[in-house]
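These are the residues of each chain, in order.
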Amino acid sequence: MSFDEEWASARSGATSMRLNQLPAEGGGGSSGGASDYKVTSKDLQAIGNEAQELYHGLDTAAFHAGAQTGTASTSLDQDGFATGSGMWTAWDKWRTQSETLLSACAHIHNHLEDTVISHTNHEEVLVTNFTMSKISEHFS
């Protein structure tokens, strides 16, 4: 039996993780039926790459007006306009929320990248183990 055949056989015999914790037969749950959750490394990489692109785009776009906003709010305050402190408050809220979103994008990207690497490493271990099982058969 080739590795691909042995691997397919092992995968077909494996049990699936069920997110809704319901049995496969006669399920139910919030989606109206039991279903398996399946995501490939390619899917995870695509989502991670999108998060990274969003991070870089937001990092560039979110803060470009910061210095000008600070200068304008200070000038308005010095001229006696309450708008200056309001502008600064709005900028500070924007900056804080943008930093939170940047942090989330980085977290998503890094987590999915780590997941893909871990999955790849796990697959390599399985390939090695199956290969070793075939070698062991010849020495039994």
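Because the structure is predicted, anything quoted here is derived from the model rather than measured.

Here's the deal with the pattern of salt bridges
On inspection of all chains with the given rule, the structure shows 2 salt bridges. Notably, a salt bridge pairs R95 with E99, separated by 3.1 Å at the nearest N-O pair. You can see R95 and its partner E99 sitting in helix α4 (residues 83-138), 4 residues apart, about one turn around the helix. By relative accessible area, which is 26% here, R95 ends up partly exposed. A cluster of three or more residues bridged by salt bridges with shared partners is formed by D92, R95 and E99.

Notes on a nonpolar patch on the surface
Residues M132, I135 and F139 make up a contiguous nonpolar surface patch of roughly 340 Å² in combined accessible area. Mapped onto the secondary structure, F139 falls in the segment after α4. We classify F139 as exposed; its relative accessible area is 71%.

Here we look at helix α2 (residues 41-62)
Between its terminal C-alpha atoms α2 stretches 31 Å, which fits the 32 Å expected from 22 residues at 1.5 Å a residue. All of the buried residues along α2 are L44, G48, A51, L58 and A62. Relative to the axis of α2, the buried residues are bounded by an arc of 95° and lie together on one face. Every exposed residue of α2 that faces more than 90 degrees away from the buried side is listed here: K42, E50, E53 and T60.

Scoring rules and cut-offs
- Residues numbered from 1 in each chain as written.
- Predicted model: local features only at pLDDT ≥ 70, side-chain atom pairs only at ≥ 80, totals over all residues.
- Heavy atoms only, no water.
- Salt bridge = Lys/Arg side-chain N within 4 Å of Asp/Glu carboxyl O.
- Helix = DSSP H or I, 4+ residues; strand = E, 2+ residues; numbered from the N terminus.
- Buried < 20%, exposed > 50% of the residue type's maximum accessible area, 1.4 Å probe, protein only.
- Patch = residues over 30% accessible without salt bridge, like charges linked within 9 Å, V, L, I, M, F, W, Y side chains within 5 Å.
- Areas by Shrake-Rupley, 256 points an atom, 1.4 Å probe, with all protein chains shown as cover.
- Expected span 1.5 Å × (residues − 1).
- Arc of directions from axis to C-beta.

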